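The residues making up each chain are set out below.
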Amino acid sequence: MKQTDNLSESTSFADRLGIPAPLFWGFVGLLFFMIGDGVEAGYLAPYLEGQGISSRDTALLFTIYGVTVSLSSWASGPLSDLWGPKRVMWIGLAIWGVFEIVFLTFGVAVNSYPIMLAAYTMRGFGYPLFTYGFLVWIAAATPPRQLGSAAGWFWFAFSGGLPTLGSLFASFSIPVIGEMATFWSSLALVMFGGLLALLMTHEPTGSRRLAPAGTKPATIFFSSISILWREPKTFIAMLVRVINTSSEYAFLVIMPAFFTKVIGFSLSQWLQLLSIIFLSNILVNLISGITADRLGHRTVVALFGGVGAAITVPLFYYVPQMFPGNFLIAAVMGALYGATIAAYVPLSGLVPQICPKEKAAALSALGLGAGASTWVGPAVVTWFESWRGIEGIIWIFSGLYIASALMTLVLTISPEARRYLDEAAARGDIAEEVTLGH
């Protein structure tokens, strides 16, 4: 079946930037959604600890939340195959809104840790369904030649909100309206972004089931798991994706206290530093996606991502200690760290090309890795902080990034997959490439 509204034929300004034009408002809505999701990222941990919640319990909260994020990230692929990405995004938005209200009203407001743990855990199912459902939509409706750029714009919007602009928003709003009101403002931002994306985006591929008619749900879900051993490169890509942002989520737990108590920054300075880190991140998200379309996905990920992050993670820890209280030095080190984390973006364009007949399943594996990083990072803190403190954690992540660089080298596109992509591009059968291939 040919897609009549072929995105590759568009000559709009958005397409020239690498943004699929019919999905433009989806990208804008995603940015606002993730700003709302990222508001709490830089100050939830110190806020809870200030309310008497131990650092270990706080790390546990983030770890269990990360488990549900991981499961939801994986489920976004098969559910999009089954129901269509747009419906999955609606479900994710509803889950986020309902459980954020429970989290704030019955958990944070009354300092009930059990309710916070339960509600925050359930809220973890929300954002991956929305965001990764949209990523599947992008893969379903974007020609292969534009996938790297489109993936770059996706992660530009994603990281632009979480935690870049979200943390920056919090740094200015907390002194004005207070911490609780800032929590509530995140709900308003998420709902605005979600509704903007869903009500303003009318590209038809996302509104329909992506799997072939008659394919059973059990087959769809099993394919999203079995692809890990049927196509071992997707398993390797998943591990690389786990490593990619695991340090980010670990740092959200340990670095607020490090920079405020050891380096001497205020909470607002820490939030501004976090915004600078991920401002660098979102800019390089875009640059790395576009660069990968020209220089090769593996080269960008392995060299600038894996090797680069192995170097910048220790720099981010050690250099600020040499210049305590110096915000500029810390900002430079943080920007370098954020840039190298962003160099993993081409994975989102590479994996669908490794398995062109099962793009949704392959992206589910990548989503599983992305979700797993949200609990692997805090889990490393939980397991190893008592061993060698923050310094030990820093070197664990540095070693993991070297391992990810080596693993990336095996993520080659087979001649058969390349031939399939070339033939599909020649036919213009963009939408067919995302099916399960049964």
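Residues numbered from 1 in each chain as written. Predicted model: local features only at pLDDT ≥ 70, side-chain atom pairs only at ≥ 80, totals over all residues. Heavy atoms only, no water.

The name an unreviewed UniProt entry assigns to the protein chain is MFS transporter, from the organism Komagataeibacter rhaeticus. Note on the protein chain: under the UniProt heading Subcellular location (unreviewed entry), the record states "Cell membrane". (UniProt positions renumbered as here; feature names shortened; annotations may be inferred.)

Trainee: Where do I start with the domain arrangement of the protein chain in this structure?
Mentor: In terms of domain boundaries, the protein chain breaks down into domain 1 (15-214) and domain 2 (226-426). Relative to domain 2, the C-alpha centre of domain 1 lies at a distance of 19 Å. Between domain 1 and domain 2, the residue contacts involve 45 residues of the former and 43 residues of the latter. For the interface between domain 1 and domain 2, the tally reads zero salt bridges. At the level of secondary structure, the elements contributing two or more residues to the side of domain 1 that touches domain 2 comprise α3 (44-50), α4 (55-83), α7 (126-141) and α8 (147-177). (Domains from an automatic or database assignment. Contact = heavy atoms within 4.5 Å. Salt bridge = Lys/Arg side-chain N within 4 Å of Asp/Glu carboxyl O. Helix = DSSP H or I, 4+ residues; strand = E, 2+ residues; numbered from the N terminus.)

Trainee: Got a minute to help me understand the side chain of S70 in this structure?
Mentor: Its location among the elements puts S70 in helix α4. Here S70 falls in the buried class, since its relative accessible area comes to 5%. At 3.4 Å, the side chain of S70 and the backbone oxygen of L368 are in polar contact. Filtering out sequence-adjacent residues up to four positions away, S70 remains in contact with L368, G371, A372 and W375. (Buried < 20%, exposed > 50% of the residue type's maximum accessible area, 1.4 Å probe, protein only. Polar contact = N/O pair within 3.5 Å; in protein donor to acceptor, adjacent residues only side chain to side chain.)

Trainee: Mind showing me how you'd approach a nonpolar patch on the surface here?
Mentor: Taken together, the side chains of L303, F304, V307, I311, L315, L328, V332, L336, I402, L406, L409 and V410 define a hydrophobic patch exposed on the protein surface, amounting to about 1000 Å² of accessible area. Elements represented by at least two residues in the nonpolar patch include exactly α13 (297-322), α14 (327-342) and α16 (359-408). Top element by residues in the nonpolar patch is α13. It accounts for five residues. Summarising the element assignment, V307 is placed in helix α13. Taking the relative accessible area as the measure of exposure, V307 reaches 33% and is therefore partly exposed. (Patch = residues over 30% accessible without salt bridge, like charges linked within 9 Å, V, L, I, M, F, W, Y side chains within 5 Å. Areas by Shrake-Rupley, 256 points an atom, 1.4 Å probe, with all protein chains shown as cover.)

Trainee: Help me out: how do you make sense of empty space enclosed by the protein in this one?
Mentor: Take a probe with the size of a water molecule and roll it over the atoms, and the empty space left behind shows itself. Evaluation of the coordinates by the stated rule reveals six cavities of 30 Å³ or more. Elements with a minimum of two residues in the lining of the largest cavity: α7, α8, α11 (232-262), α12 (267-295), α14, α15 (347-354) and α16. Of the residues that constitute the lining of the largest cavity, the class distribution is 14 nonpolar, eight polar and two charged. When residues of the lining of the largest cavity are sorted by domain, at least three fall in each of domain 1 (15-214) and domain 2 (226-426). One number sums up the size of the second largest cavity: a volume of about 150 Å³. Around the second largest cavity, the lining is made up of 14 residues, and of these F62, Y65, Y120, Y249 and L252 lie nearest the centre. Listing elements by their share of the lining of the second largest cavity, those giving two or more residues are α4, α6 (113-123), α11 and α16. When residues of the lining of the second largest cavity are assigned to domains, at least three fall in each of domain 1 (15-214) and domain 2 (226-426). (1 Å grid on protein atoms, 1.4 Å probe; cavity = no way out; pocket = protein on both sides within 12 Å on 5 of 7 lines; lining within 4 Å. Points joined across faces, edges and corners; volume = space filled by probe spheres on them. Nonpolar A, V, L, I, M, F, W, Y, C, P; charged D, E, K, R; others polar.)

Trainee: What is the right way to read the nonpolar core from this model?
Mentor: Nonpolar side chains tend to gather and get buried jointly when the protein is soluble and globular. Membership of the largest hydrophobic core comes to 110 residues, with the highest contact counts inside it found for F154 and F259. Residues within four places of F259 in sequence aside, it is in contact with G264, F265, W270, L273, F316, P320 and A330. Ranked by size, the runner-up nonpolar core spans nine residues in total, among them W74, L79, L228 and L368. (Core = buried A, V, L, I, M, F, W, Y, C linked by side-chain atoms within 4.5 Å.)

Trainee: Would you explain the side chain of T340 in this entry?
Mentor: Looking at the element boundaries, T340 is found in helix α14. Under the relative-accessibility criterion, T340 is labelled buried at 10%. A polar contact is formed between the side chain of T340 and the side chain of T312, at a distance of 3.0 Å. A distance of 2.8 Å separates the side chain of T340 from the backbone oxygen of Y337, its partner in a polar contact.

Trainee: Explain the pattern of salt bridges to me, please; I cannot follow it from the model alone.
Mentor: Taken as a whole and judged by the stated rule, the model has three salt bridges. In this structure, the salt-bridge partner of E40 is R123, at a minimum N-O distance of 3.0 Å. Taken together, the positions of E40 in the loop between α2 (24-38) and α3 and R123 in helix α6 put the pair 83 residues apart, joining distant regions of the chain. Pair check on accessibility: E40 and R123 agree, each one buried.

Trainee: So what exactly am I meant to see when it comes to the packing of aromatic side chains here?
Mentor: Ring pairs (aromatic) are described by centroid distance and by the angle formed between their planes. By the definition in use, this model includes 34 aromatic pairs. A ring pair is formed by Y132 and F154, whose centres lie 6.5 Å apart and whose planes are at 40°; its orientation type is tilted. On the criterion of sequence distance, the pair formed by Y132 in helix α7 and F154 in helix α8 is long-range, its members being 22 residues apart. Both residues of the pair, Y132 and F154, belong to the buried class. Plain terms: the ring middles of F251 and Y337 are 5.3 Å apart, the flat faces sit at 45° to each other, and that makes the pair tilted. Linking F251 in helix α11 with Y337 in helix α14, this pair joins segments that are 86 residues apart in sequence. Judged by its relative accessible area of 3%, F251 falls in the buried class. Connected via pairs of aromatic rings, a cluster forms that spans F251, F258, F259, F265, W270, F316, Y317, Y318, F327, Y337, W395 and F397. Looking at R87, its charged tip hangs above the ring of W83, at a distance of 4.8 Å from the centre. (Phe/Tyr/Trp six-rings, centres within 6.5 Å; stacked < 30°, edge-to-face > 60°. Lys NZ or Arg CZ within 6 Å of the ring centre and 35° of its normal.)

Trainee: Before we go on, may I ask you to explain α2 in this structure?
Mentor: Two residues of an α-helix separated by three or four positions point the same way, owing to the 3.6 residues in each turn. The end-to-end C-alpha separation of α2 is 21 Å, in line with the 21 Å expected for 15 residues at 1.5 Å each. Of all 15 residues in α2, eleven are buried; the element is thus mostly enclosed. Residues of α2 that are buried include every one of G26, F27, V28, G29, L30, F33, M34, I35, G36, D37 and G38, and no others. (Expected span 1.5 Å × (residues − 1).)

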